[in-house]
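Below, each chain spelled out in residue letters.
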Amino acid sequence: PWTWLLAGVASGLTLSAWLGMLMVRRLSPLGQLSDAVRRHQFIVAYQPIVDLATRRCIGAEALVRWKHQNRIVRPDHFIPLAEHRGLIQAITDQVFDTVLLELGEFLQRYRDLYVSINLSAPDLTSRRFLERLTPALAAAKIAPQQIRIEATERCFLDADAAKEVIQAFRDAGHPVYIDDFGTGYSSLSYLQNFQVDALKIDKSFVDTVGQDAASSSVASHIIDMALTLHVQVVAEGIEREEQACYLRTRGAQFGQGWLFSAPLTAPDFIRYVGRGLATV
Ligand code: C2E
Ligand code: CA
Ligand code: CA
């Protein structure tokens, strides 16, 4: 009888330990994020990018959000975990699929418009994403230059691989942007070593425009340098008219920020572009 009792206790313990682990897994941030990936619980917001001279919308940046228990979770709260635990590539794929689903027809109709997508380090260590992009765009009859790539310096840790993959994106016709430019330790050396099409001046340098002379000139110096290297400039996080004017007169061609529009749903983005077209 003792053996039976022991066996019963042991299997009871195993079962509860297993259930406990399952609960922890489901309740842990990682468990919930894995669930979200499996269930496709991500949505995309589109923030318009405008030509600073004409104020016309020329494209949008796709910004991912996690729809979690009736709340919208911002990317800063889950992208680092996703990158760390090997979930980011699946999220990148879902963002691209959503862009195609929501704006595919629109992009096919308006050839001058583009959507830029944020990539993470693992996306730039192989051609996996590019190999997914190419046939999908061909099938949807969308030109490669209508999907652009944004990469931060954190993406360049494996510099040799990143360099090769960036070149592959460019060879395939996708313009590549360096994101958050100026915030890392080696922005300048990246600009020298990586061939890119544009850089995005980080919001922190745009914030100080018109506020304090020393730091506001950083934006201006970045623009000068970009112009010398024939790299285009997008200024991010423009909230005030004064910033837009300053950046434009200094030579930045494009801008993005609340002054023009917050990130929008796909139907609202289509309406936003339509309003601009109607006034031309
Ligand atoms: P980011 O690429 O620098 O994106 C710009 C962020 O600035 C967005 O925040 C946007 O909503 C916000 N923003 C734009 N204009 C203004 C403004 O005028 N004022 C202020 N205060 N904020 C403004 P969001 O959407 O929370 O994204 C945060 C970061 O998460 C992004 O920074 C990007 O690095 C990352 N991220 C977003 N979507 C993706 C994605 O699909 N994949 C990856 N790997 N990262 C993503
Ligand atoms: Ca970005
Ligand atoms: Ca940025």
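Procedures and definitions
Residues numbered from 1 in each chain as written. Chains lettered and ligands numbered in written order. Predicted model: local features only at pLDDT ≥ 70, side-chain atom pairs only at ≥ 80, totals over all residues. Heavy atoms only, no water. Helix = DSSP H or I, 4+ residues; strand = E, 2+ residues; numbered from the N terminus. Contact = heavy atoms within 4.5 Å. Areas by Shrake-Rupley, 256 points an atom, 1.4 Å probe, with all protein chains shown as cover. Donors = N, O, S within 2.8 Å, 3.2 Å for Na, K, Ca; no water. Salt bridge = Lys/Arg side-chain N within 4 Å of Asp/Glu carboxyl O. Buried < 20%, exposed > 50% of the residue type's maximum accessible area, 1.4 Å probe, protein only. Near = heavy atom within 4 Å. Polar contact = N/O pair within 3.5 Å; in protein donor to acceptor, adjacent residues only side chain to side chain. Pairing = 2+ DSSP bridges. Right-handed = clockwise from strand over helix to strand, strands pointing away. Axes fitted to C-alpha atoms, helices over the stretch in contact; angles between N-to-C directions. Parallel < 35°, antiparallel > 145°, perpendicular 65-115°, else oblique. Left-handed = near helix turned anticlockwise from the far one by under 90°. Nonpolar A, V, L, I, M, F, W, Y, C, P; charged D, E, K, R; others polar. Disulfide = S-S within 2.5 Å.

Visitor: Just give me the short version of the overall build of the chain, but keep the residues and values in it.
Guide: The helix and strand inventory of the chain stands at 11 helices and 9 strands. Projected onto the principal axes, the alpha-carbon positions of the chain cover approximately 90 × 40 × 35 Å. Long-range pairs, those at least 24 residues apart, make up 67% of the contacts in the chain with a sequence separation of at least 6. Carbon and sulfur atoms make up 58% of the accessible area of the chain, which amounts to about 14,800 Å² in all.

Visitor: Pulling in residues and values, what's your account of the coordination of the calcium ion (ligand 3)?
Guide: Every protein donor of the calcium ion (ligand 3) is accounted for by Asp179 (OD), Asp180 (OD), Glu236 (OE) and Glu236 (OE), and the metal-donor separations fall at 2.0 to 2.9 Å. When the donors of the calcium ion (ligand 3) are listed by position in the chain, the intervening gaps give D-D-x55-E.

Visitor: Would you mind going over the coordination of the calcium ion (ligand 2) in detail, with residue names and values included?
Guide: Distances from the calcium ion (ligand 2) to its protein donors, Glu61 (OE), Asn118 (OD1), Glu150 (OE) and Asp179 (OD), fall within 2.1 to 2.3 Å. In primary sequence terms, the donor set of the calcium ion (ligand 2) follows E-x56-N-x31-E-x28-D.

Visitor: If you had to explain the pattern of salt bridges to someone new, which residues and values would you point to?
Guide: Going through the model one piece at a time under the given rule, you end up with 15 salt bridges. Ionic pairing is found between Lys200 and Glu150, a salt bridge with its closest N-O pair at 2.7 Å. Of this pair, Lys200 sits in strand S7 (residues 198–201) while Glu150 sits in strand S5 (residues 147–151), and the two are 50 residues apart along the sequence. The buried category is assigned to Glu150, whose relative accessible area is 1%. In this structure, Asp207 and Lys203 form a salt bridge, with 2.9 Å as the shortest nitrogen-oxygen distance. Taken together, the positions of Asp207 and Lys203, both in helix H8 (residues 203–207) and 4 residues apart, correspond to about one turn of that helix. Note on Lys203: relative accessible area 31%, which makes it partly exposed. Linked by salt bridges that have partners in common, Asp93, Asp97, Asp123, Arg128 and Arg132 make up one network.

Visitor: Kindly report on the site of ligand 1, identifying the contributing residues and their values.
Guide: Residues in contact with ligand 1 amount to 23 residues; listed here are only the nearest, Arg65, Arg74, Ser120, Glu239 and Trp258. A distance of 3.0 Å separates a nitrogen atom of ligand 1 from a polar atom in the side chain of Gln47. Considered on its own, ligand 1 offers 800 Å² of accessible surface; in the complex 87% of this is hidden by protein. Contributing elements (two or more residues each) for the shell around ligand 1: strand S2 (57–68), helix H4 (88–109) and strand S6 (176–181).

Visitor: Outline unusual backbone geometry, listing residues and values.
Guide: Within the chain, Arg55 stands out as a residue other than glycine whose phi angle is a positive 70°. Of note, Arg55 is situated in the loop between strand S1 (42–51) and S2.

Visitor: Please provide a residue-by-residue account of the side chain of Ser220, values included.
Guide: By secondary structure assignment, the location of Ser220 is in helix H9 (residues 213–228). Residue classification places Ser220 among the buried residues on the basis of a relative accessible area of 4%. Apart from the residues within four sequence positions on either side, Ser220 is in contact with Tyr246 and Arg250.

Visitor: If you had to explain the pairing of strand S4 (residues 114–119) to someone new, which residues and values would you point to?
Guide: Burial analysis of S4 places 5 of its 6 residues in the buried class, which makes it a mostly covered element. Both S2 and S4 contribute to a ladder of 4 bridges, which runs parallel. If you follow Ala62 over to S4, its bridge partner there is Ile117. Here S4 pairs with S5 via 5 bridges, running parallel. If you follow Ile117 over to S5, its bridge partner there is Ile149. Handedness of the crossover joining S4 and S5 through helix H5 (residues 128–140) is recorded here as right-handed.

Visitor: Give a detailed account of the packing of H4 against H5, specifying residues and quantitative values.
Guide: Axis separation between H4 and H5 bottoms out at 11 Å; the angle between their running directions is 20°. In this view, H4 runs roughly parallel relative to H5, as classed from their interaxial angle. Handedness of the H4/H5 crossing: right-handed. Where H4 abuts H5, its residues Gln89, Thr92, Asp93, Phe96, Asp97, Leu100 and Gln108 lie against Arg128, Phe129, Arg132, Leu133, Ala136, Leu137 and Ala140. Looking at the contact of H4 with H5, its residues break down into 7 nonpolar, 3 polar and 4 charged.

Visitor: Go over the state of the cysteines with me, naming the residues and quoting the values.
Guide: The full count for this structure, using the stated rule, is 0 disulfides. Left unpaired, Cys245 is separated from the closest cysteine sulfur, that of Cys57, by 19 Å.

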